[in-house]
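Inside the fold
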Amino acid sequence: MTGEVVERVLCSSRYRDVDRSLVGRLAAEELPRARNVDDAVKRVKRRLHQAVGAFRGATRGNAIADAWKGDLAQPAFRAACTDALRGHASTRERLPHLDTFFAGIWAHTGVPASVLDLGCGLGPLALPWMGIGEAEYVAIDVDYRPLATAEAFLTTVRQPHRVEGRDLVSAPTEDEAEVALLLKLVTTLDRQDPGAAGRVLRSLRVRHAVVSFAARSLGGRGKGMEHTYRARLERLVIDAGRVSAVAEASVPNELVFVLTLDAVDG
Ligand SMILES: C[S@@+](CC[C@H](N)C(=O)[O-])C[C@H]1O[C@@H](n2cnc3c(N)ncnc32)[C@H](O)[C@@H]1O
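Note that this is a predicted model, so its numbers are computed, not measured.

Quick look at the overall build of the protein chain now. Across its full length, the protein chain holds 11 helices and seven strands. Each principal axis of the C-alpha atoms in the protein chain carries an extent, and together these give about 55 × 45 × 45 Å. Out of the 266 residues in the protein chain, the part that is buried amounts to 52%. Of the contacts formed within the protein chain by residues at least 6 apart in sequence, a portion of 68% connects residues at least 24 apart. In the structure as shown, the protein chain presents an accessible area of about 11800 Å², 51% of it carried by carbon and sulfur atoms. Side-chain charges in the protein chain split into 36 positive and 34 negative, and the spacing between the mean points of these groups amounts to 7 Å.

Okay, here's the thing in structure tokens:
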């Protein structure tokens, strides 16, 4: 019956681009709770909305390729990227602070020669604001829709890169890089499996991991949220078991932590 639920979900236009292993995992979890197959399909789609659907918007990849004249700094090209970044809820929220966002992180890590962007969404399209030169960019997400846009973008701008569809809950990556970005990823993974983010941090072969949380307004009315996320970060640090330092690079609407990790054994 799990197979039937998976096939029906993957037939829907909304979720046909989601990695099959995520759909299979959610189907196995929801079937025992469901009244019948129809109900299981509905439940899996609801969970997929939380995991991927809620962030998606329109993609505007063609406009980026048309605007590319060989220079990441060119205003018309940046305007096309900005427009595309509006297509994913989490990158849209970051737009007002893009100019300072990555510089604040690199101040703690150094400008990396390789970046691993986990649960990337449309994150790679912020490359013009990253200032990482020829660094290798590896982008991973469970949703092939933003990944296709990221792949086309990184190819257009000739950034050394690799793009990979992967369910980080069932298959944490052991990729090597100087810096891993887990931007607004932990709360998304927590909803799927509260132990997943800890497993991801334990398996990464990176020197620094950047963990962020969306906080609509930090301080003031957002204080409760901020408190919750700081507490979540503390638990994650303990769970990872290999964090030697934590620095902060927050912007007004996003809590950003830069973790320094001890090397993994073996
Ligand atoms: C809140 S968005 C953050 C996107 C991006 N990191 C950013 O900050 O703009 C969460 C991302 O995680 C991805 N995601 C959700 N569940 C995942 C999983 N199990 N494995 C890998 N990626 C996942 C979603 O598709 C989505 O792109």
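Time to look at the side chain of H88. Relative to the helices and strands, H88 resides in the loop between α5 (75-85) and α6 (89-94). For H88, the residues in contact, after removing those within four places along its chain, are F55, R56, G121, L122 and P146.

The next thing to look at is the site of the ligand. Taken together, 24 residues form the shell around the ligand, and within it S90, R94, G119, D141 and D167 come nearest. Measuring from a nitrogen atom of the ligand, one finds a backbone N or O atom of R166 at 3.4 Å. Within the contact set of the ligand, a nitrogen atom lies 2.8 Å away from a side-chain nitrogen or oxygen of Q192. Burial of the ligand by the surrounding chains reaches 99%, relative to a free accessible area of 590 Å². More than half of the atoms belonging to the ligand lie within 2 Å of the grid points that define the largest pocket. Of all elements in the fold, only α6 and α9 (186-192) reach the threshold of two or more residues within the shell around the ligand.

Turning next to the domain arrangement of the protein chain. The assigned domain composition of the protein chain is domain 1 (2-51) and domain 2 (90-261). Domain 1 and domain 2 are separated by 27 Å when their C-alpha centres are compared. Roughly 1000 Å² of surface becomes buried between domain 1 and domain 2 when both sides are summed, with 43% attributable to carbon and sulfur atoms. Among the residues domain 1 hides against domain 2, the three largest losses belong to D17, D19 and R25. Together they make up 49% of the total. Taken together, the links from domain 1 to domain 2 amount to two salt bridges. A salt bridge links D167 to R25, with the nearest nitrogen and oxygen atoms 2.9 Å apart. Run the count over domain 1 and domain 2 and you get eight residue pairs in polar contact (both at pLDDT 80 or more). Secondary-structure elements contributing two or more residues to the side of domain 1 that touches domain 2 are α2 (20-30) and α3 (37-51). Counting residues per element, the side of domain 1 that touches domain 2 draws most heavily on α2, which supplies four residues. Residues of the side of domain 1 that touches domain 2, tallied by class, amount to three nonpolar, three polar and six charged.

About the thresholds
- Residues numbered from 1 in each chain as written.
- Predicted model: local features only at pLDDT ≥ 70, side-chain atom pairs only at ≥ 80, totals over all residues.
- Heavy atoms only, no water.
- Helix = DSSP H or I, 4+ residues; strand = E, 2+ residues; numbered from the N terminus.
- Buried < 20%, exposed > 50% of the residue type's maximum accessible area, 1.4 Å probe, protein only.
- Contact = heavy atoms within 4.5 Å.
- Areas by Shrake-Rupley, 256 points an atom, 1.4 Å probe, with all protein chains shown as cover.
- Lys, Arg positive; Asp, Glu negative; His and termini not counted.
- Charge placed at Lys NZ, Arg CZ, Asp CG, Glu CD.
- Near = heavy atom within 4 Å.
- Polar contact = N/O pair within 3.5 Å; in protein donor to acceptor, adjacent residues only side chain to side chain.
- 1 Å grid on protein atoms, 1.4 Å probe; cavity = no way out; pocket = protein on both sides within 12 Å on 5 of 7 lines; lining within 4 Å.
- Sits in = over half its atoms within 2 Å of the grid points.
- Domains from an automatic or database assignment.
- Buried area = accessible area lost by both parts, 1.4 Å probe.
- Salt bridge = Lys/Arg side-chain N within 4 Å of Asp/Glu carboxyl O.
- Nonpolar A, V, L, I, M, F, W, Y, C, P; charged D, E, K, R; others polar.

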